[in-house]
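Summary of the model geometry
Each chain, written out:
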Amino acid sequence: MKKNYFLTVSKSILVTIVILYSSSMVAQGQKFVPNQQNDFWRNVQFGGGIGLGFGSGFTNITLAPSAIYNINPTLSTGLGLQFGYSNQKNMYSSTVYGASVIGLVNPIPEIQLSIEVEEINASINYQLPNNAFSNNYWNTGLYFGAGYRTGNVTIGGRYDVLYNANKSIYNNAFMPFVRVYF
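Residues numbered from 1 in each chain as written. Predicted model: local features only at pLDDT ≥ 70, side-chain atom pairs only at ≥ 80, totals over all residues. Heavy atoms only, no water.

1. Some details on a nonpolar patch on the surface
Rule in force here: Each patch is assembled from residues with relative accessible area greater than 30% and no salt bridge, linking like charges that lie within 9 Å and nonpolar side chains (Val, Leu, Ile, Met, Phe, Trp, Tyr) that lie within 5 Å. Calculation of accessible area relied on Shrake-Rupley with a 1.4 Å probe; when residues are assessed, cover is drawn exclusively from the protein chains displayed. For this document, the term salt bridge refers to a Lys or Arg side-chain nitrogen within 4 Å of an Asp or Glu carboxyl oxygen. Helix and strand assignments come from DSSP, with helices taken as H or I runs of at least 4 residues and strands as E runs of at least 2, each series counted from the N terminus.
On the surface, Ile-50, Leu-52, Phe-54, Ile-61, Leu-63, Phe-83, Tyr-97 and Trp-138 cluster together into a nonpolar patch covering about 890 Å² of accessible area. Only strand E1 (44-55) and strand E2 (58-70) provide two or more residues apiece to the nonpolar patch. Take the nonpolar patch: its biggest share by element is three residues, from E1. With respect to the helices and strands, the residue Trp-138 is situated in strand E6 (residues 131-150).

Following this line, the structure appears as structure tokens:
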């Protein structure tokens, strides 16, 4: 079973990498223009998310910076990092960290399609009465998404096609999102 899961994840990651970088291979055939060598940073946008939640004995902190490179007005690719910490007093604590690679396609300016590979490590410690245990594992997600885009903001949803309810740190395969890049 683990071998089949590994093969499925490996194939998914390989297909994603080929899709994301196939357009950059086409760009290799273009002539180098010395006056435009600093255009790289003009095409980079930064964004991400910050989350803070506090309650009675509960703490949740999330930090997820990301950056994309606009290859052209239709196609972008980027990287993201993620860190999260949650703690429910006398029950559990968890630390999550990982990285992602994303590809964005805007077939028309108002519509954004995405494909994202996310690799996350989860370390969870349970402190239940008469029972304490820990779990530390890696989880891979392959997300296909779509959203409505206006300016630098996209609102939509994404679906994890590799979702496993017994292993994922998320409650279900579908997740709404708001992306903002400056």
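Having put the structure on the table, let's press on.
2. Here we look at the confidence of the model for the chain
To keep it simple, the criterion reads: Each residue carries a pLDDT score, the predictor's own confidence in it, on a scale running from 0 to 100. Any pair of residues with heavy atoms lying within 4.5 Å of one another is described as a contacting pair.
The pLDDT averaged across the chain works out to 84; a share of 79% of its residues lies at or above 70. A low-confidence stretch, residues 14-34 (pLDDT under 50), is modelled with 13 contacts involving residues beyond four sequence positions or located in other chains.

3. Focus on the environment of Glu-116
Here is the rule: Throughout this description, buried means an accessible area under 20% of the type-specific maximum (1.4 Å probe, protein chains only), exposed means over 50%, and partly exposed covers the range between. A 3.5 Å cut-off defines polar contacts: any pair of N or O atoms within that distance qualifies, except that in protein one atom must be a possible hydrogen donor and the other a possible acceptor, and neighbouring residues in sequence count only when both atoms are side-chain atoms.
On the secondary structure map, Glu-116 appears in strand E5 (residues 111-128). Under the relative-accessibility criterion, Glu-116 is labelled buried at 10%. In the structure, Glu-116 is positioned 12 residues away from Leu-104 in sequence and 8.7 Å away in space, judged by C-alpha atoms. Here Ser-100 takes part through its side chain, which lies 3.2 Å from a polar atom of the side chain of Glu-116.

4. Digging into the layout of surface pockets
The condition that has to hold: Of the two site types, the cavity is a set of points on a 1 Å grid over the protein atoms alone where a 1.4 Å probe fits but cannot get out, and the pocket is an open set with protein on both sides within 12 Å along at least five of seven lines, each lined by residues with an atom within 4 Å of a point. Grid points are joined across faces, edges and corners, and a volume is the space filled by probe spheres set on the points. Amino acids outside the nonpolar list (Ala, Val, Leu, Ile, Met, Phe, Trp, Tyr, Cys, Pro) and the charged list (Asp, Glu, Lys, Arg) are all regarded as polar, and Gly is one of them.
Computed from the structure, the largest pocket encloses a volume of approximately 1100 Å³. Looking at the lining of the largest pocket, the elements with two or more residues in it are E1, E2, strand E3 (75-88), strand E4 (92-108), E5 and strand E8 (174-180). Taken together, the residues of the lining of the largest pocket break down into 25 nonpolar, 15 polar and four charged.

5. Brief notes about the packing of aromatic side chains
How we decide: Aromatic pairs are defined between Phe, Tyr and Trp rings, using the six-membered ring for Trp, whenever the two ring centres lie within 6.5 Å; interplanar angles under 30 degrees are classed as stacked, those over 60 as edge-to-face, and all others as tilted. Only when the NZ atom of a Lys or the CZ atom of an Arg is both within 6 Å of the ring centre and within 35 degrees of the ring normal do we say a charge sits over the ring.
Evaluation of the coordinates by the stated rule reveals four aromatic pairs. Pairing Phe-40 with Tyr-69 gives two aromatic rings, centres 4.9 Å apart and planes at 15°, and the pair type is stacked. Of this pair, Phe-40 sits in helix H2 (residues 39-42) while Tyr-69 sits in strand E2, and the two are 29 residues apart along the sequence. Following the ring pairs from residue to residue traces out a cluster consisting of Phe-40, Trp-41 and Tyr-69. A cation over an aromatic ring shows up here: Arg-158 above the ring of Tyr-143, its NZ or CZ 3.8 Å from the ring centre. When the ring centre of Phe-177 is taken as reference, the NZ or CZ atom of Arg-179 above it lies at 3.9 Å.

6. Concerning the pattern of salt bridges
For the structure shown, the criterion picks out three salt bridges. Residues Asp-39 and Arg-42 are paired through a salt bridge, measuring 2.5 Å at the closest nitrogen-oxygen approach. With Asp-39 and Arg-42 both in helix H2 and three residues apart, this pair spans about one turn of that helix. The class of Asp-39 is partly exposed, set by a relative accessible area of 22%. Between Arg-158 and Glu-118 there is a salt bridge whose closest N-O contact spans 3.8 Å. Of the two residues, Arg-158 sits in strand E7 (residues 153-160) while Glu-118 sits in strand E5, which places them 40 residues apart along the sequence.

7. Let's talk about the side chain of Asn-106
Relative to the elements of secondary structure, Asn-106 occurs in strand E4. Apart from the residues within four sequence positions on either side, Asn-106 is in contact with Pro-73, Thr-74, Ile-111, Gln-112 and Arg-149.

8. Notes on the side chain of Asn-70
Examined against the element boundaries, Asn-70 turns out to sit in strand E2. Taking relative accessible area as the criterion, Asn-70 reaches 19% and is therefore assigned buried. A distance of 3.0 Å separates polar atoms of two side chains, one belonging to Asn-70 and the other to Gln-45. Beyond its immediate stretch of four places on either side in the chain, Asn-70 contacts Asn-43, Gln-45, Leu-75 and Ser-76.

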